[in-house]
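For reference, the chains in residue letters:
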Protein chains: 2
Amino acid sequence: MSTTTTTTTQQSRSFSAMSKQRSLNINNINPHVKEAKYAVRGELAIKSEQYRAQLAKGEGKDLPFDSVISANIGNPQQLDQQPITFFRQVASLVENPLLLEHEDVLQKSLGYKSDAIERAKKLLKDVKSVGAYSQSQGAPAIRKSVANFIERRDGHPADADNIYLCAGASAGVNALMSVICDGPSTGVLVPIPQYPLYTATLSLLNAQAVPYYLNEESQWSTDVEGMRSALKKARDNGVDVRAVVVINPGNPTGGSLDADNIKAVIQLAAEEKLVVLADEVYQTNVFEGEFTSFKKCLRELQGGKDNEGGKYDHLELASLHSISKGMVGECGHRGGYYEMVGFDAEVVAQIYKFVSIMLCPPVVGQCIVEVMVNPPKEGEPSYDLYRKEYDGIFNNLQNRAQALYKAFKEMEGVECQSPQGSMYLYPTINLPQKALEAAKKEGKNPDDFYCLELLDATGICIVPGSGFGQKEGTLHFRTTFLAPGTEWVSRITAFHGKFMDKYR
Amino acid sequence: MSTTTTTTTQQSRSFSAMSKQRSLNINNINPHVKEAKYAVRGELAIKSEQYRAQLAKGEGKDLPFDSVISANIGNPQQLDQQPITFFRQVASLVENPLLLEHEDVLQKSLGYKSDAIERAKKLLKDVKSVGAYSQSQGAPAIRKSVANFIERRDGHPADADNIYLCAGASAGVNALMSVICDGPSTGVLVPIPQYPLYTATLSLLNAQAVPYYLNEESQWSTDVEGMRSALKKARDNGVDVRAVVVINPGNPTGGSLDADNIKAVIQLAAEEKLVVLADEVYQTNVFEGEFTSFKKCLRELQGGKDNEGGKYDHLELASLHSISKGMVGECGHRGGYYEMVGFDAEVVAQIYKFVSIMLCPPVVGQCIVEVMVNPPKEGEPSYDLYRKEYDGIFNNLQNRAQALYKAFKEMEGVECQSPQGSMYLYPTINLPQKALEAAKKEGKNPDDFYCLELLDATGICIVPGSGFGQKEGTLHFRTTFLAPGTEWVSRITAFHGKFMDKYR
């Protein structure tokens, strides 16, 4: 009797112990997911959301701030940027086509102009319903509109068959990298600092990021000689380097490349047989000079004297654009596209199959891609308001960038390049020795330590340079300049002064 | 001089030859992408789109049909299913919040009821703007609404923290599988036939699909003994089987599992330490009996006498739902969710990081998830229309399923299970020997051959059984019953008669 009881208890115990061993634990899951790092939405972002929730519940009375400022992520409409009216009017009509039975009401009582109504009708004809799957590559008529835009922008033809619509540029990068990477020996040249999507995606694919450093002292420009030596070193080590990523305008740097710089990269890529991945999502966020596309530079090189032996003819270029950035700021709609030129048809077929497994990009997002690339033209009914809204957003961004830049220039130990483009500044911070020691004591990187102290003191969330990469021995942080007003800038200045005093 | 010229020419030639060697070709890209198969949007689908384009251009006069019927893919709104008015009214208001300044006009002239307006206001409060990124996991208030829905459906609590919104269930499967799979030794039990997302995703992750066969003769039910022997065989071969996929109601089978069947699967999973991935996207497409969720069965087992030693306490279950199917049919909006219970917190943190790299699911899609799980209630202003539309779609689907089923039953050599659920029928076709030989001659699988002949003769696109898997020596095809009318059904019947006559 006693024996039986013991046995049952033992069985029960061992069963119980076993049952607590789940199938999955941190030590047996995909190691490449574990290796991936994405600081933009990491520890600091999560803590800032906790502060925000606390304040919303009225529980944050002890906190030394009364609002949280999310300067960690390029999310304009979370920070009070208003959507462009024309875009959203069109979106509301494709969402509820029954409204189109009341054009009179729309126009007389609700502020819709005839061109918004016509555009919605056209898009509905193209997609049938925004609730229907489109072709995996995106609706043909919308891709055609994108091709027309590229043609107008660059002065060179573009083909709708080469356009792939996607759920934001991130999804495009994922598709391209997934096909490019063939395991641990594959390398992709990635700028440092970089938007961590690139290194994270390479980690997930168990491929290697081959870092090349941008020139901070010359507005974060691309140093082709540095790229060449990084490439050589990697190849000497047996890495099969196949592609190079360039982010222009730069994230996190805020730099903007000129045509010569871009052509030098293309030349290198042609000589070294590298696919060029041109992340051009900030192409309208340019404050100094003007944006030049990789596609345009490539076509110029292909038509130029330097194209000896057709060396540029088969260069593989994928250029990405998005509705999340620029004056559009429609991040939540998850829309974008990439154009592929020079790719082998069999490779393209594999990219097509890859994207078809995820069915299609969001169709309303596709519609917003269409209105972004084909906005109201001068003389059309919605043009004046569109222009006014667009310019207003642009000027606000530029003014805030300048305000922040000036503040940084005056801060002790801070050095910052002037804002040329994108939505970010990426200043160097020189911290006192005592601060470095305090960080070390807490087991943190000094830039992580600084950003955490800033968040705890001011409610402002920025991202440490370690999340993007930086030269050994340097420290940075990235901040957007999207948050409205300038009050928060003075919060940073005040914090910085106190921080320096404390650790000097 | 002559020597120099020769050298230059040689250099130029070799440069030219080299330049045609692009960086990427079919032999050096990711082999796992090449291995992935996704027939639903494969060769036949592409050919059918070419026919459609031909007809649209008026160039199809020689074709033996005047319209293309896409019965290959569950895409209701491409096939004239109308969206539910309440859902789209809410969507139009969140897209254009300026409309909310004209409630009077909305209600008096445009058919909006007060509850649609209130819902849009609530959602805008929750997400701020549909153009803003939400939390990577989805907007908290929408996740809460999903948790409430699950609680009402199952009679057991659900926690918003366990809900992950996603860009359709496919994105959810991708996230879960990406974390579960640790290279070539990982195996996941997958039903045969299956929706090819599962095998394609496992191919991409270089992991193994471990097939288990469904019982065609008993309405495609799940045979637990068959699963157990498939599992044993795989483990004996060194495969680390960690998870089991169940699709209920079934895709492509059209079967629907009862609670006993589900509990038997859970019991197996608990004994064998398997994560259960329950694909429940067709949970409202049930024509016989009623839908029972895996979550509900799990909670019953956990609270029951059989839970000796807590053997069910740590079972890891992820259940997926979508806005693409059911009476909602909003595929193009890319929305869905998965609920994870029993997972280790460290594993969940890795899933969170994984989804954060892609930023967030489309926010309008999140809003449609919310209205799907929280539709107008009896007594509310929009209820009557909602009910009428919902029931109308349901009845149409059921009637068309029955019409198709009857047609199949009368076709020579065709055997079909009665339609219990989902949007598909998956009949067996017994083809004459001569047809098998004709297929072989063309280097095709017999079911591919049959479906291609059907497309060429009738313009109807269905998917061969080889795209989903079938027992050795059997042949099937999958068709949706979404296309309106019944004329196309008689096109199939007529084709089938001629095909059999030709090859008898």
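Treat the numbers as computed from the prediction; the structure is a model and nothing was measured.

Of the regular secondary structure elements, chain A holds 18 helices and 14 strands. Taken over C-alpha atoms, the radius of gyration comes to 25 Å for chain A, in line with the 23 Å a tight globule of 504 residues would show. The proportion of buried residues among the 504 residues of chain A is 62%. About 19,000 Å² of surface is accessible on chain A, with carbon and sulfur atoms providing 49% of the total. Between the averaged position of the 53 positive side-chain charges in chain A and that of its 60 negative side-chain charges there is a distance of 5 Å.

By a simple turn and slide, chain B fits onto chain A: the slide is 0.0 Å along the axis, the RMSD is 0.0 Å, and the turn is 180°. Both chain copies can therefore be described as sitting about a two-fold axis. Relative to the rotation axis, the closest C-alpha in chain B is found at B:Ser92, a distance of 2.0 Å. Of the interface residues in chain B, 100% have counterparts in chain A that sit at the interface too, so the contact is made through matching surfaces.

With that settled, consider the packing of aromatic side chains. Applying the stated criterion to the full structure yields 38 aromatic pairs over all chains. With 5.9 Å between their ring centres and 15° between their planes, B:Tyr450 and B:Phe477 make a pair best called stacked. One end of the pair, B:Tyr450, is in helix H17 (residues 446-458); the other, B:Phe477, is in strand S14 (residues 477-480), and 27 residues separate them in sequence. Their ring planes at 45° and their centres at 5.6 Å tell us that B:Phe495 and B:Phe499 sit as a pair that is tilted. Linking B:Phe495 with B:Phe499, this pair stays in helix H18 (residues 487-503), spanning 4 residues, or about one helical turn. Residue B:Phe499 is classed as buried on the basis of its relative accessible area of 2%. Aromatic ring contacts, followed pair by pair, group A:Phe408, A:Phe449, A:Tyr450, A:Phe477, A:Phe495, A:Phe499 and A:Tyr503 into a single cluster. The residue whose ring lies beneath A:Arg478 is A:Tyr424, and the NZ or CZ to ring-centre distance is 3.9 Å.

Our focus in this paragraph is the sheet that holds strand S8 (residues 336-341) of chain A. Residue and element names in this part refer to chain A. The mixed open sheet is built from 7 strands, whose spatial order is S2-S8-S7-S6-S5-S3-S4. The open sheet terminates on both sides in strands that have one partner only, identified here as strand S2 (163-166) and strand S4 (208-213). On average, each strand axis in the sheet is tilted by 20° relative to the strand beside it, whichever way the strands run. Note: S2 against S8, 4 bridges, orientation antiparallel. Within S8, the position partnered with Tyr164 by the bridge is Tyr338.

With numbering aligned to this structure, UniProt lists the feature "domain: Aminotransferase class I/classII large" (unreviewed entry) at residues 116-486 of chain A. Within residues 116-486 of chain A, the helical portion is 43% and the strand portion 15%, while the C-alpha atoms at the span's ends are 35 Å from each other.

On to the side chain of A:Ser324, then. With respect to the helices and strands, A:Ser324 occurs in the loop between strand S7 (317-322) and S8. Note on A:Ser324: relative accessible area 2%, which makes it buried. Among all residues touching A:Ser324, those that are not within four sequence positions of it are A:Pro76, A:Gly329, A:Glu330, A:Cys331, A:Arg334 and B:Tyr133.

Between chain B and chain A, the residue contacts involve 105 residues of the former and 105 residues of the latter. Carbon and sulfur atoms supply 59% of the area buried between chain B and chain A, which totals about 8,900 Å² over both sides. At the junction of chain B with chain A, the criterion picks out 4 salt bridges. Ionic pairing is found between B:Arg88 and A:Glu95, a salt bridge with its closest N-O pair at 3.8 Å. Summed over the shared surface of chain B and chain A, the result is 50 residue pairs in polar contact (both at pLDDT 80 or more). The greatest single-element share of the side of chain B that touches chain A, amounting to 8 residues, is contributed by helix H13 (residues 345-357) of chain B. For the side of chain B that touches chain A, the residue count by class is 47 nonpolar, 36 polar and 22 charged.

Let us look at the sheet that holds strand S13 (residues 463-464) of chain B. Residues and elements named next belong to chain B. Strand order in this open sheet of 3 strands is S10-S14-S13, and the pairing throughout is antiparallel. Unpaired on one side and paired on the other, strand S10 (424-425) and S13 mark the two borders of the sheet. Sheet topology places S13 next to S14; 2 bridges connect them, and they run antiparallel. Within S14, the residue paired with Pro464 across the bridge is Phe477.

Counting buried positions along helix H14 (residues 363-373) of chain A gives 11 out of 11 residues, so the element sits mostly inside the fold. Of the positions making up H14(A), those classed as buried are A:Val363, A:Val364, A:Gly365, A:Gln366, A:Cys367, A:Ile368, A:Val369, A:Glu370, A:Val371, A:Met372 and A:Val373.

Glancing now at the pattern of salt bridges. Any two side chains of opposite charge can pair, on the condition that their charged atoms come close. Using the criterion set out here, one finds 50 salt bridges over all chains in the structure. The residue A:Arg504 makes a salt bridge to A:Glu412 at a minimum N-O spacing of 2.5 Å. Here the residue A:Arg504 occupies a position in the segment after helix H18 (487-503), and A:Glu412 occupies one in the loop between helix H15 (383-410) and strand S9 (414-415), the gap between them amounting to 92 residues. Look at A:Glu412 and you get partly exposed, because its relative accessible area is 40%. Note that B:Lys295 is salt-bridged to B:Glu339, the shortest N-O span being 2.7 Å. With a gap of 44 residues between them, B:Lys295 in helix H12 (residues 294-302) and B:Glu339 in strand S8 (residues 336-341) connect regions that are remote in the sequence. B:Glu339 gets classed as buried once you look at its relative accessible area, which sits at 2%.

What counts as what
- Residues numbered from 1 in each chain as written.
- Chains lettered and ligands numbered in written order.
- Predicted model: local features only at pLDDT ≥ 70, side-chain atom pairs only at ≥ 80, totals over all residues.
- Heavy atoms only, no water.
- Helix = DSSP H or I, 4+ residues; strand = E, 2+ residues; numbered from the N terminus.
- Rg over C-alpha atoms; globule rule 2.2 N^0.38 Å.
- Buried < 20%, exposed > 50% of the residue type's maximum accessible area, 1.4 Å probe, protein only.
- Areas by Shrake-Rupley, 256 points an atom, 1.4 Å probe, with all protein chains shown as cover.
- Lys, Arg positive; Asp, Glu negative; His and termini not counted.
- Charge placed at Lys NZ, Arg CZ, Asp CG, Glu CD.
- Least-squares fit on C-alpha atoms with pLDDT ≥ 70 in both.
- Contact = heavy atoms within 4.5 Å.
- Phe/Tyr/Trp six-rings, centres within 6.5 Å; stacked < 30°, edge-to-face > 60°.
- Lys NZ or Arg CZ within 6 Å of the ring centre and 35° of its normal.
- Pairing = 2+ DSSP bridges.
- Axes fitted to C-alpha atoms, helices over the stretch in contact; angles between N-to-C directions.
- UniProt positions renumbered as here; feature names shortened; annotations may be inferred.
- Buried area = accessible area lost by both parts, 1.4 Å probe.
- Salt bridge = Lys/Arg side-chain N within 4 Å of Asp/Glu carboxyl O.
- Polar contact = N/O pair within 3.5 Å; in protein donor to acceptor, adjacent residues only side chain to side chain.
- Nonpolar A, V, L, I, M, F, W, Y, C, P; charged D, E, K, R; others polar.

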